[in-house]
Amino acid sequence: MTDKDLFIEEIIINSLKSLLKGRVNELLEETEYPIPPVEFGTYRGTAVVPAISLSTCERSEKERIIRLDAYTLTITFTVPEHPAGERNCYAYAGAVATALGEDPSLGGAASRAELTGKKYVPPKHPGTGEGWEVVLTLRVVVENQHPC
């Protein structure tokens, strides 16, 4: 399947997954603490599988005039409860922010992508095995080349 066979939403999500599996994992490996890598699909050992959701968001008047589509992308990392769980949440957020700063076009899939929010959620009941969560919100703007 080529990029021409995919919808722009699929291209954005696939590009984000590539960024997470590639550069984000490289950045996590460079830390002085062992942090589980980001994986999708089948994996062996300890890994974190983030949930990714995509939705359209409100466009500015300028974006409407020059035909730019805007999307809100949410990445949710659920980190197992562990003494280093909170620190790992900060590491995932920092690695995503750094990787996105290095490649704000998601490998050419978007005109620009920027991190607009970070939310750290502790376990509601510590000691029960419920994990930490970090929710990252991105705004992704794409040039609409084929308006319907």
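Here, the structure is the one placed above.
In this text, all values refer to a predicted model and were calculated from it rather than measured experimentally.

Colleague: Would you mind showing me how to read the packing of aromatic side chains here?
Modeller: Aromatic ring pairs are defined here through the distance separating the ring centres and the angle between the ring planes. Following the criterion strictly, the structure yields 2 aromatic pairs and no others. On the basis of an interplanar angle of 75 degrees and a centroid distance of 4.8 Å, the ring pair of Y90 and Y120 is categorised as edge-to-face. Taken together, the residues Y90 in helix α3 (residues 85-102) and Y120 in strand β3 (residues 112-121) connect sequence positions 30 residues apart. In this structure Y120 comes out as partly exposed when scored by relative accessible area, which is 30%.

Colleague: Help me understand the sheet that holds strand β1 (residues 51-56) in this model?
Modeller: Remark on secondary structure: sheet strands pair via backbone hydrogen bonds, oriented parallel or antiparallel. Pairing is antiparallel in the open sheet, where 4 strands are placed in the order β1-β2-β4-β3. Each end of this open sheet is capped by a strand with a single partner; those strands are β1 and β3. Averaged over all pairs of adjacent strands, the angle between their axes in this sheet comes to 20 degrees, without regard to strand direction. Bridge count for β3 against strand β4 (residues 132-143) is 9 bridges, and the pairing is antiparallel. For G117, the partnering residue across the bridge sits in β4 and is T137. This element, helix α1 (residues 8-29), spans β1, β2 (68-79) and β4 of the sheet and lies at about 40 degrees to β2.

Colleague: Where do I start with the environment of G107 in this structure?
Modeller: With respect to the element layout, G107 can be found in the loop between α3 and β3. Judged by relative accessible area, which is 65%, G107 ranks as exposed. Expressed as a C-alpha distance, the spacing of G107 and D69, which sit 38 residues apart in the sequence, is 17 Å.

Colleague: Please clarify how α3 should be interpreted in this entry.
Modeller: Given 3.6 residues per helical turn, the α-helix brings residues three or four places apart onto the same face. The first and last C-alpha atoms of α3 sit 26 Å apart over 18 residues, in line with the 26 Å expected at 1.5 Å per residue. Where α3 is buried, its residues touch α1, β2, β3 and β4.

Colleague: How should the pattern of salt bridges be read in this particular structure?
Modeller: Pairs may arise between side chains of opposite charge once their charged atoms sit close together. Inspection of every chain in the model, using the stated rule, returns 3 salt bridges. Measuring nitrogen to oxygen at the nearest pair gives 3.1 Å for the salt bridge that ties R23 to E26. One end of the pair, R23, and the other, E26, are both in helix α1, 3 residues apart, so they sit about a helical turn from each other. Notably, a salt bridge pairs R23 with E30, separated by 3.9 Å at the nearest N-O pair. The class of E30 is exposed, set by a relative accessible area of 57%.

Colleague: I keep staring at the environment of L106 and nothing clicks. Help me out?
Modeller: Its location among the elements puts L106 in the loop between α3 and β3. You can call L106 buried: its relative accessible area is 3%. When the C-alpha atoms of L106 and R59 are compared, they prove to be 20 Å apart, with 47 residues separating the residues in sequence. Ignoring anything within four residues of it in the chain, the contact list for L106 reads I12, S15, L16, L19, L100, A113 and V140.

Colleague: Help me understand α1 in this model?
Modeller: In this model α1 runs 31 Å from its N-terminal to its C-terminal C-alpha over 22 residues, within 8% of the 32 Å that 1.5 Å per residue would give. Of all the bends found along α1, the most pronounced is centred on L20 and spans about 30 degrees. Every buried residue of α1 is listed here: I11, I12, S15, L16, L19, L20, V24, N25, L27 and L28. Tucked inside the fold, the buried residues of α1 contact β1, β2, α3 and β4.

Cut-offs applied
- Residues numbered from 1 in each chain as written.
- Predicted model: local features only at pLDDT ≥ 70, side-chain atom pairs only at ≥ 80, totals over all residues.
- Heavy atoms only, no water.
- Phe/Tyr/Trp six-rings, centres within 6.5 Å; stacked < 30°, edge-to-face > 60°.
- Helix = DSSP H or I, 4+ residues; strand = E, 2+ residues; numbered from the N terminus.
- Buried < 20%, exposed > 50% of the residue type's maximum accessible area, 1.4 Å probe, protein only.
- Pairing = 2+ DSSP bridges.
- Axes fitted to C-alpha atoms, helices over the stretch in contact; angles between N-to-C directions.
- Contact = heavy atoms within 4.5 Å.
- Expected span 1.5 Å × (residues − 1).
- Salt bridge = Lys/Arg side-chain N within 4 Å of Asp/Glu carboxyl O.
- Bend = angle between axes of the 7 residues up to and from the residue.

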